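A closer look at the structure
Each chain, letter by letter, is given below.
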Amino acid sequence: LPLLHQSMDEDWYVDLRNTACYVMQRLLLAVGPGLSNEARRAIYPELLKRLDDSSNVVRIAACDALLAFCTTMPASYCPTNSGYLAAGVIIHMDDSSTD
């Protein structure tokens, strides 16, 4: 996971950030239900950061990864972290992009 997080924070290469979000989405879909709460706490803040990306393509990829995060999240997931996740997503709901 640390390498994926580092790739999502890459400043110069949009393709790398986009690919990192895609890989995170696929990882979550493959092993998401088996992730520990610690791993989940490390993942969602990185995905929320990508919602502020300068590239619309990366923002969309981050949304896809967040959807995978939420669909594989156990019902017993920490309510505090769920609240932080929801608050982080709600901030971006006024994005004027039609994509």
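Every value quoted in this text rests on a predicted model; they were computed, and no experiment measured them.

The secondary structure content of the chain amounts to five helices and zero strands. Counting from the amino terminus, helix and strand elements in the chain follow one another as α-α-α-α-α. Rg of the C-alpha trace for the chain: 13 Å, near the compact-globule value of 13 Å for 99 residues, within the 12% margin. Counting only C-alpha atoms, the chain reaches 35 × 30 × 20 Å along its principal axes.

This part is about the packing of helix α2 (residues 14–31) against helix α4 (residues 56–71). Relative orientation and spacing of two packed helices are given, respectively, by the angle between their axes and the distance between those axes. The N-to-C vectors of α2 and α4 enclose an angle of 15°; their axes lie 8 Å apart at closest approach. The angle between α2 and α4 places the two elements in the roughly parallel class. Considering how the two elements wind past one another, α2 and α4 form a crossing that is left-handed. The residues of α4 that touch α2, namely those facing Val14, Arg17, Asn18, Cys21, Gln25, Leu28 and Leu29, are Val57, Val58, Ala61, Ala62, Asp64, Ala65, Ala68, Phe69 and Thr71. Per-class residue counts for the contact of α2 with α4 are eleven nonpolar, three polar and two charged.

So, on to the packing of aromatic side chains. Counted by the stated rule, this structure contains two aromatic pairs. Here Phe69 and Tyr77 contribute two aromatic rings whose centre-to-centre distance is 6.2 Å and whose plane-to-plane angle is 85°, an arrangement assigned as edge-to-face. Each member of the pair, Phe69 as well as Tyr77, is classed as buried.

What counts as what
Residues numbered from 1 in each chain as written. Predicted model: local features only at pLDDT ≥ 70, side-chain atom pairs only at ≥ 80, totals over all residues. Heavy atoms only, no water. Helix = DSSP H or I, 4+ residues; strand = E, 2+ residues; numbered from the N terminus. Rg over C-alpha atoms; globule rule 2.2 N^0.38 Å. Axes fitted to C-alpha atoms, helices over the stretch in contact; angles between N-to-C directions. Parallel < 35°, antiparallel > 145°, perpendicular 65-115°, else oblique. Left-handed = near helix turned anticlockwise from the far one by under 90°. Contact = heavy atoms within 4.5 Å. Nonpolar A, V, L, I, M, F, W, Y, C, P; charged D, E, K, R; others polar. Phe/Tyr/Trp six-rings, centres within 6.5 Å; stacked < 30°, edge-to-face > 60°. Buried < 20%, exposed > 50% of the residue type's maximum accessible area, 1.4 Å probe, protein only.

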